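Structure assessment
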Amino acid sequence: MEEPGDERMAQIMRDVAEDARAGTHRATQRVAAGIEAATREARAEVEATIARLRNGNN
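Described below are features of the structure shown in this document. (Residues numbered from 1 in each chain as written. Predicted model: local features only at pLDDT ≥ 70, side-chain atom pairs only at ≥ 80, totals over all residues. Heavy atoms only, no water.)

1. Side note on the overall build of the chain
What counts, and what does not: Numbering of helices and strands runs from the N terminus; a helix is a DSSP stretch of H or I covering at least four residues, while a strand is a stretch of E covering at least two. Throughout, radius of gyration means the C-alpha value; the globule benchmark is 2.2 Å times the number of residues raised to the power 0.38. The Shrake-Rupley method, run with a 1.4 Å probe sphere, supplies the accessible areas, and residue values consider only the shown protein chains as cover. Under the convention used here, Asp and Glu are negative, Lys and Arg are positive, and both His and the chain ends fall outside the count. Every charge is mapped onto a representative atom, which is NZ of Lys, CZ of Arg, CG of Asp or CD of Glu.
A count of helical and extended segments in the chain gives 1 helix and 0 strands. For 58 residues, the compact-globule estimate of 2.2 N^0.38 gives 10 Å, and the C-alpha radius of gyration of the chain, at 25 Å, exceeds that figure by more than 25%. Summarising its shape, the C-alpha atoms of the chain cover approximately 80 × 15 × 5 Å along the three principal directions. Working note: accessible area of the chain is about 5,400 Å², and carbon and sulfur atoms make up 55% of it. One finds the centroid of the 9 positive side-chain charges in the chain at a distance of 13 Å from the centroid of its 11 negative side-chain charges.

This is how it looks when you write it as structure tokens:
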């Protein structure tokens, strides 16, 4: 099997790098969405606790 030329190898490397960037971006978006959801949930729990304490219900 013949090895690809320099131009073809450079194109392959660019394609691999772009795929890696896209994968990293998707993973980052998923992590950010998870953090946002956890933040909303935690905030709701804190607000509920504060409301209970203000109403005298421990």
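Resuming the write-up.
2. Focus on the pattern of salt bridges
The test is simple: Salt bridges, as used here, are contacts in which a Lys or Arg side-chain nitrogen is within 4 Å of a carboxyl oxygen on Asp or Glu. Buried means the residue's accessible area, taken with a 1.4 Å probe over protein chains only, is under 20% of the maximum for its type, while exposed means over 50%, and partly exposed covers the values in between.
For the structure shown, the criterion picks out 1 salt bridge. With its nearest N and O atoms 3.0 Å apart, the salt bridge here joins Glu18 to Arg21. Placement of both Glu18 and Arg21 in helix α1 (residues 6-54) is noted, with a separation of 3 residues, approximately one turn of the helix. Classification of Glu18 by relative accessible area gives partly exposed; the value is 43%.

3. Notes on α1
Inclusion rule: To estimate the expected span of a helix, count its residues, drop one, and scale the result by 1.5 Å.
Here α1 is 49 residues long and its end C-alpha atoms lie 71 Å apart, about the 72 Å a rise of 1.5 Å per residue gives. One or two steps after α1, the chain reaches Gly56, where phi turns positive at roughly 80 degrees.

4. Topic: the environment of Arg21
As a reminder, the rule being used: Counting of polar contacts relies on pairs of N or O atoms within 3.5 Å, with two restrictions inside protein: one atom must be capable of donating a hydrogen and the other of accepting it, and residues adjacent in sequence are counted only when both atoms are side-chain atoms.
In this structure the C-alpha to C-alpha distance between Arg21 and Ile50, which are 29 residues apart in sequence, comes to 43 Å. Of note is the side chain of Arg21, whose polar atom sits 3.0 Å from the side chain of Glu18.

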